[in-house]
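Structural features, examined
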Amino acid sequence: MATVLEYIAAILPRILFSGHSILALWLLVQLNPNQTIFWPFCIGLGCLFLESIYTVIFRKGVEYKYFWPSCFFYLGTLVPITWTAELRLLEGRLNNETMDAKKTMPGGIRVSQEELKKLCEIGLMLIIILSRWLLPRGSITRDQLSLLLLEYVAIAADILELFEAFEDEQVSNNREITLFTLGVFTWSLLQFTLVTTSMGSDKSQQDEADIEEEKVGVEVSGLSRKYLRKAVEAKEKQKQELRQLQFENEEAEKEMRKLELQGDRYGIIAAMFMQDVPFLILRLYLVFTYDFFKSTFLFYIGKNIISLMLMIYRLYVIHFHAKDKEIIIEKPNGFRGLSFALIGARRFKSTKNSKRNGVRKQGLFSPKLSK
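Sequence order sets the numbering: in each chain, residues are counted from 1 along the sequence as written. For a predicted model such as this one, the threshold for reporting local features is a pLDDT of at least 70, and the threshold for listing and counting side-chain atom pairs is 80 or more; totals across whole chains, interfaces and linings nevertheless cover every residue. Just so you know, side-chain values use all the structure's heavy atoms and leave hydrogens and water out.

Looking at an unreviewed UniProt entry, one finds the chain named Transmembrane protein 26 and attributed to Porites evermanni.

See the structure below:
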């Protein structure tokens, strides 16, 4: 049963998506009047509205496990607006027009085409990160969510740095480079819609042996060999059950480990071919073709190379070495076994004493003895 907070957490990100999309589309129409080509951009908004109704009402705010559809429809609205703003700026640069001129909007707000572009690009990254944080976690653990948000921040910084190349006049006036950059930008944004960390993220509960281990700390005084021996005999059946339980937990954890490695594999492949590989190709092309040697640009080239090397190494480790790795479940050691025996002996002694006390009370107050 979904709680009120879960409904709120599901609705807020979609409100952010819709509000930002409507604002960007309204500014685009105001900056470019008498244009009807912009109205198809509302298709993404309509799909986002339908998806919101279905998720909130029929799915009770529960998000999808491997895909983020609301973000996909949000990108379907914002990406075309970003393309339009960038291409308008390109036409202005080619025609030697000043695109920094601000236009007064209804309400006295003054906005330029350059500011609309920044609103789309920077605002898109910030809203995606914030919305992912606000969404219900679902099957993702808090640890996985924190790692996912940190990855989103790193990805957003790398994506936004792509447009730094437009600061060079030779690059910014090239239509092919602009289209190629926008294409890479759009392709890299699709990785935000994938949720690979949810694989193998089912929460495991502690077994009975772990719960008993937390109860260690029994006093040894007052226990004789007789009670201890009987308690050990009484624990033999429990040992068989513990072995069976440990075997089942071992198999379950091995299966979970396989799912986690599978999710890591898909996440690495998606990051390689949706970000680092196309980014590295674009940046190397700009360096060798236009001599675009800038410190931060060269830093991100090195970052992409090192990231690819580490990802390839990670895939190698997962494929060739993860199969030999066995999940070791800690077996009860001598102290733990002794603690089980002491717990049982203490319970056995208390049970026997209670029976004796009951017999004595029955003898004292028996009608036969009173005669």
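The helix and strand labels rest on DSSP assignments: H or I over at least four residues marks a helix, E over at least two residues marks a strand, and numbering proceeds from the N terminus. For the chain, the helix and strand inventory stands at 13 helices and two strands. For every residue, the accessible area (1.4 Å probe, protein chains only) is compared with the maximum for its type, and the residue is labelled buried under 20%, exposed over 50%, or partly exposed between those bounds. In the chain, which comprises 371 residues, the proportion classed as buried is 38%. Contact criterion: two residues are considered in contact whenever any of their non-hydrogen atoms come within 4.5 Å of each other. Across the chain, contacts joining residues at least 24 apart in sequence account for 81% of those joining residues at least 6 apart. For accessible areas, the Shrake-Rupley method is used with a probe of radius 1.4 Å. Any residue's cover is judged against the shown protein chains and nothing else. As presented, the chain carries roughly 22,200 Å² of accessible surface, and 62% of it is formed by carbon and sulfur atoms.

Helix span is expected to be 1.5 Å times the residue number reduced by one. For helix α1 (residues 4-31), built from 28 residues, the straight-helix expectation of 40 Å at 1.5 Å per residue is met to within 8% by its first-to-last C-alpha distance of 40 Å. Residues of α1 that are buried: Ala-9, Ala-10, Pro-13, Arg-14, Phe-17, His-20, Ser-21, Ala-24, Leu-25, Leu-27, Leu-28 and Leu-31. On its buried side, α1 packs onto α2 (42-58), α3 (69-94), β1 (103-104), β2 (110-111) and α4 (113-134).

Moving on, we come to the pattern of salt bridges. Side chains carrying opposite charge are able to pair once their charged atoms draw close together. Whenever Lys or Arg places a side-chain nitrogen within 4 Å of a carboxyl oxygen from Asp or Glu, that contact is recorded as a salt bridge. For the coordinates displayed, the defined rule picks out 11 salt bridges. Ionic pairing is found between Arg-14 and Glu-51, a salt bridge with its closest N-O pair at 3.0 Å. One end of the pair, Arg-14, is in helix α1; the other, Glu-51, is in helix α2, with 37 residues separating them in the sequence. Note on Arg-14: relative accessible area 3%, which makes it buried. Of the residues examined, Glu-51 reaches a relative accessible area of 7% and is grouped as buried. We note a salt bridge from Asp-158 to Lys-303, for which the minimum N-O separation is 2.8 Å. With a gap of 145 residues between them, Asp-158 in helix α5 (residues 142-160) and Lys-303 in helix α11 (residues 295-320) connect regions that are remote in the sequence. Among the residues examined, Asp-158 registers a relative accessible area of 0% and is labelled buried.

Side chains three or four residues apart in an α-helix point the same way, a direct result of the helix having 3.6 residues per turn. In this model helix α7 (residues 175-189) runs 21 Å from its N-terminal to its C-terminal C-alpha over 15 residues, within 8% of the 21 Å that 1.5 Å per residue would give. All buried positions along α7 are accounted for by Ile-177, Thr-178, Thr-181, Leu-182, Val-184, Phe-185, Ser-188 and Leu-189. In a view along the axis of α7, the buried residues occupy a sector of 160°, so they form one face of it. Its side-chain oxygen at 2.9 Å from the backbone nitrogen of Glu-176, Asn-174 defines the N-terminal cap of α7. Directions are taken from the helix axis to each C-beta atom, and the arc is the one they span. A 3.5 Å cut-off defines polar contacts: any pair of N or O atoms within that distance qualifies, except that in protein one atom must be a possible hydrogen donor and the other a possible acceptor, and neighbouring residues in sequence count only when both atoms are side-chain atoms.

Moving on to the nonpolar core. Nine residue types can take part in a nonpolar core, namely buried Ala, Val, Leu, Ile, Met, Phe, Trp, Tyr and Cys, and a core is a set of them joined through side-chain atoms within 4.5 Å. One finds Leu-124, Met-125, Ile-128, Ile-159, Leu-189, Phe-192 and Leu-286 to be the most contacted residues of the largest nonpolar core, which totals 63 residues. Secondary structure elements with two or more residues in this core: α1, α2, α3, α4, α5, α7, α10 (236-290) and α11. Tallying contributions element by element places α10 first for this core, with nine residues. What Met-125 contacts, discounting residues up to four positions off in sequence, is Ala-156, Ile-159, Leu-160, Phe-185, Leu-189 and Phe-192.

With that settled, consider the UniProt feature "transmembrane region" (unreviewed entry) in the chain. UniProt records the feature "transmembrane region" (unreviewed entry) for residues 7-31, 37-57, 66-85, 266-285 and 297-316 in the present numbering. Measuring from the first to the last C-alpha atom of residues 7-31 gives 36 Å, for a span that is 100% helix and 0% strand. Across residues 297-316, helical content stands at 100% and strand content at 0%; the span's end C-alpha atoms are separated by 29 Å. UniProt positions are given in the numbering used here, feature names are shortened, and annotations may be inferred rather than shown by experiment.

We now examine the packing of aromatic side chains. What counts as a ring pair is set by centres within 6.5 Å for rings of Phe, Tyr and Trp (its six-membered ring), and what kind of pair is set by the plane angle: stacked under 30 degrees, edge-to-face over 60, tilted for all other angles. Counting across every chain of the model gives 11 aromatic pairs. Centroid distance Phe-299 to Tyr-300: 5.4 Å. Interplanar angle 80°. Geometry classified as edge-to-face. The exposed category is assigned to Phe-299, whose relative accessible area is 54%. Among the aromatic residues, those joined into a ring-pair cluster are Phe-17, Trp-68 and Tyr-74. Sitting over the face of the ring of Tyr-64, Arg-59 holds its NZ or CZ atom 4.1 Å from the ring centroid. Geometrically, a charge over a ring is one whose NZ (Lys) or CZ (Arg) sits within 6 Å of the ring centre while staying within 35 degrees of the ring normal. Seen from the ring of Trp-68, Arg-132 lies directly overhead, with NZ or CZ sitting 5.3 Å from the centre.

All right, on to the packing of α3 against α7 then. Convention adopted: a line fitted to C-alpha atoms gives each axis, helices being fitted over their contacting stretch, and angles between N-to-C directions are expressed from 0 to 180 degrees. Contact pair α3 / α7: the axes reach a minimum separation of 11 Å and the direction vectors enclose 165°. Considered as vectors, α3 and α7 are oriented roughly antiparallel to each other. Of the two possible hands of crossing, α3 and α7 adopt the one that is right-handed. Between α3, through Leu-75, Val-79, Thr-82, Trp-83, Glu-86, Leu-87, Leu-90 and Leu-94, and α7, the contact on the second element is made entirely by Arg-175, Thr-178, Leu-179, Leu-182, Gly-183, Phe-185, Thr-186 and Leu-189. Class assignment of the residues belonging to the contact of α3 with α7 gives a composition of 10 nonpolar, four polar and two charged. Geometric relationships in this document are graded by angle, where less than 35 degrees denotes roughly parallel, more than 145 denotes roughly antiparallel, 65 to 115 denotes roughly perpendicular, and other angles denote oblique. Here is the rule for handedness: rotate from the far helix to the near one, and if that takes an anticlockwise turn smaller than a right angle the crossing is left-handed, while a clockwise turn gives right-handed. Only Asp, Glu, Lys and Arg are considered charged, only Ala, Val, Leu, Ile, Met, Phe, Trp, Tyr, Cys and Pro nonpolar, and every remaining residue, Gly among them, polar.

The next subject is unusual backbone geometry. Leaving glycine aside, a negative phi is the common case for residues, and trans is the common case for peptide bonds. In this structure, Lys-60 is a non-glycine residue whose phi angle is positive, near 55°. For Lys-60, the position within the fold is in the loop between α2 and α3. Residues other than glycine seldom take positive phi values, yet Asp-291 does so here, at roughly 50°. Checked against the element boundaries, Asp-291 lands in the loop between α10 and α11.

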